[in-house]
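Structural characterization, general
Here are the chains, one letter per residue:
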Amino acid sequence: MKIQEVPFCTVDWETVEPVKHPGITGEAYWRTFELGNIRVRMVEYTPGYLADHWCKRGHVLLVLEGELVTELDDGRKFTLTPGMSYQVAEDVNPHRSFTEKGAKLFIVD
């Protein structure tokens, strides 16, 4: 990942209004900062959240709280807990998220 056209800046995530994104079940609340060629998000999933799509976008994702199950389109599933991350390139291993208990994530893409 080469970050371009992003000068040094800080984000106070508490001042960024969350936007609701419904899943098949549950909801995701995104706080998003976008500049240059990157999008940085603080995302909270409610308990029982299941994504409504298979994502092909590349990400670096870090679990801050809760537990996240990431399913790949080939059927593999990975359970991530606080302090764990995943990294995936664009158009590689389409994936979707599920959480039984809820989760808080930090994502760069």
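Structure: above.
Residues numbered from 1 in each chain as written. Predicted model: local features only at pLDDT ≥ 70, side-chain atom pairs only at ≥ 80, totals over all residues. Heavy atoms only, no water.

On to the pairing of strand β2 (residues 27-35), then. Relative to β2, strand β1 (residues 19-22) is paired through four bridges, and the arrangement is antiparallel. Following the sheet pairing, P22 is matched in β2 by E27. Here β1 hands over to β2 after four residues, with G26 in that stretch at a positive phi of 70 degrees. Bridge count between β2 and strand β3 (residues 38-45): eight bridges; the pairing is antiparallel. Bridge pairing links E34 to R39 in β3. Taking the residues between adjacent antiparallel strands as the criterion, β2 and β3 are bridged by two residues, where G36 takes a positive phi near 60 degrees. (Pairing = 2+ DSSP bridges. Helix = DSSP H or I, 4+ residues; strand = E, 2+ residues; numbered from the N terminus.)

This part takes up the sheet that holds β3. One open sheet accounts for six strands, arranged β1-β2-β3-β10-β5-β8; its pairing is antiparallel. Of all strands in the sheet, those bounded by a partner on one side alone are β1 and β8 (85-88). Between one strand axis and the next, the sheet turns by 25 degrees as a mean value, whatever way the strands run. (Axes fitted to C-alpha atoms, helices over the stretch in contact; angles between N-to-C directions.)

Our focus in this paragraph is the packing of aromatic side chains. On inspection of all chains with the given rule, the structure shows two aromatic pairs. Between the aromatic rings of W13 and F106, the centroid separation amounts to 6.1 Å while the plane-to-plane angle is 85 degrees, which identifies the pairing as edge-to-face. Taken as a pair, W13 in the segment before β1 and F106 in strand β10 (residues 103-108) lie far apart in primary sequence, 93 residues in all. Both rings, one in Y45 and one in Y49, keep their centres 4.2 Å apart while their planes meet at 10 degrees; by these two values the pair is stacked. On the basis of relative accessible area, Y49 is assigned to the buried category, the value being 5%. The ring of W30 has R41 sitting right over it, with the charged end atom 4.3 Å from the ring centre. (Phe/Tyr/Trp six-rings, centres within 6.5 Å; stacked < 30°, edge-to-face > 60°. Buried < 20%, exposed > 50% of the residue type's maximum accessible area, 1.4 Å probe, protein only. Lys NZ or Arg CZ within 6 Å of the ring centre and 35° of its normal.)

These values are about where atoms sit, not about what they do.
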